[in-house]
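Summary of the model geometry
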Amino acid sequence: SQQGEEDPQALSIQEGENATMNCSYKTSINNLQWYRQNSGRGLVHLILIRSNEREKHSGRLRVTLDTSKKSSSLLITASRAADTASYFCATDGDSWGKLQFGAGTQVVVTP
Amino acid sequence: DTAVSQTPKYLVTQMGNDKSIKCEQNLGHDTMYWYKQDSKKFLKIMFSYNNKELIINETVPNRFSPKSPDKAHLNLHINSLELGDSAVYFCASSQGRLDTQYFGPGTRLTVL
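What you are looking at is a predicted structure, and each value in this text was computed from that prediction instead of being measured.

A few points about the packing of aromatic side chains
Each aromatic ring pair is characterised by the separation of its centres together with the angle its planes make. Counted by the stated rule, this structure contains nine aromatic pairs over all chains. Ring centres 5.6 Å apart and planes at 90° place the aromatic pair A:F101 and B:Y35 in the edge-to-face group. Of this pair, A:F101 sits in strand β10 (residues 99-101) while B:Y35 is found in strand β4 (residues 31-37), placing the two residues in two different chains. Across the pair, B:Y35 and A:F101 agree in class, each one buried. Centre to centre, the rings of A:F101 and B:F103 are 6.0 Å apart; their planes meet at 85°, and the pair counts as edge-to-face. You can see A:F101 sitting in strand β10 and its partner B:F103 sitting in strand β10 (residues 102-103), one on each of two chains. In this pair, the class of A:F101 matches that of B:F103, namely buried. The structure contains a cluster of three or more aromatic residues connected by ring pairs, namely A:Y35, A:F88, A:F101, B:Y33, B:Y35, B:F90 and B:F103.

As structure tokens, this is what we get:
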């Protein structure tokens with residue numbers, strides 16, 4: 001069954017604006033990961049945040065994790081057209097590394 | 001340098017055929033995975049191998065059989081292909097089971 005659910009399903013913004021997407025999950029986790037997938041391409045790993053961490057940054061990306069609410073958010077600041085992609089959160093709730101993905105947020109950044 | 005590679009990139013075949021998809025990683029990782037992405041972009045794990053040992057085997061028809069000849073390779077063989085097998089199949093690898101998973105470019109399988 002699907003573990004993570006992203007919200008919104010789709011997001012359309014202009015270059016320079018910030019994009020925020022949320023992920024909610026159902027069971028306890030070890031880690032939460034965010035991935036990007038450009039149309040017709042593979043998944044690119046963005047950030048891994050462990051269950052004992054609350055916030056992580058990588059370049060223009062900021063990820064927060066609230067384990068009490070079982071939710072995470074991904075913020076992309078100063079978006080660019082090249083950020084147009086689908087963004088997925090994935091959680092692993094067992095010791096086997098089985099990632100469970102949400103349905104993704106489709107982000108379109110227009111020039 | 002390609003970290004996780006898959007062949008072929010595209011595979012178009014008739015129902016009932018048997019086909020294989022190959023995956024190789026040059027990252028020195030111990031764990032490899034197969035995922036299936038359906039037409040709605042939903043990704044679901046199928047199998048995972050750790051040091052050539054099967055550790056995850058989700059509810060997948062037994063027409064799908066993974067094989068790991070060594071730590072760097074994980075192949076997926078599919079027998080008697082059905083229309084519903086059409087999807088994009090992704091291979092991934094990670095150092096440990098709870099580490100970052102790196103994905104290959106995917107194999108788009110179309111069953112006619």
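Focus on the sheet that holds strand β3 (residues 19-25) of chain B
Residue and element names in this part refer to chain B. Spatially, β1-β3-β8-β7 is the arrangement adopted by the four strands of the open sheet, whose pairing is antiparallel. Looking at which strands have only one partner, the edges of the open sheet turn out to be β1 (4-7) and β7 (64-70). For this sheet, the mean inter-axis angle between neighbouring strands, taken without regard to orientation, is 20°. Strand direction decides the pairing type here: β3 and strand β8 (residues 73-78), joined by four bridges, are antiparallel. Residue S20 lies in a different strand from β8, and its bridge partner there is H77.

Considerations on the interface of chain A and chain B
Listed by partner, the interface residues are 24 residues for chain A and 20 residues for chain B. Taking both partners together, chain A and chain B bury about 1,900 Å²; carbon and sulfur atoms supply 55% of that area. Summed over the shared surface of chain A and chain B, the result is two salt bridges. A:K98 is the partner of B:E58 in a salt bridge, and the nearest nitrogen-oxygen pair spans 3.2 Å. Our enumeration of links across chain A and chain B arrives at four residue pairs in polar contact (both at pLDDT 80 or more). Where the side of chain A that touches chain B is concerned, the elements lending two or more residues are β4 (31-37), β5 (43-50), β9 (85-92) and β10 of chain A. Residues belonging to the side of chain A that touches chain B are distributed by class as follows: seven nonpolar, twelve polar and five charged.

Conventions used here
- Residues numbered from 1 in each chain as written.
- Chains lettered and ligands numbered in written order.
- Predicted model: local features only at pLDDT ≥ 70, side-chain atom pairs only at ≥ 80, totals over all residues.
- Heavy atoms only, no water.
- Phe/Tyr/Trp six-rings, centres within 6.5 Å; stacked < 30°, edge-to-face > 60°.
- Helix = DSSP H or I, 4+ residues; strand = E, 2+ residues; numbered from the N terminus.
- Buried < 20%, exposed > 50% of the residue type's maximum accessible area, 1.4 Å probe, protein only.
- Pairing = 2+ DSSP bridges.
- Axes fitted to C-alpha atoms, helices over the stretch in contact; angles between N-to-C directions.
- Contact = heavy atoms within 4.5 Å.
- Buried area = accessible area lost by both parts, 1.4 Å probe.
- Salt bridge = Lys/Arg side-chain N within 4 Å of Asp/Glu carboxyl O.
- Polar contact = N/O pair within 3.5 Å; in protein donor to acceptor, adjacent residues only side chain to side chain.
- Nonpolar A, V, L, I, M, F, W, Y, C, P; charged D, E, K, R; others polar.

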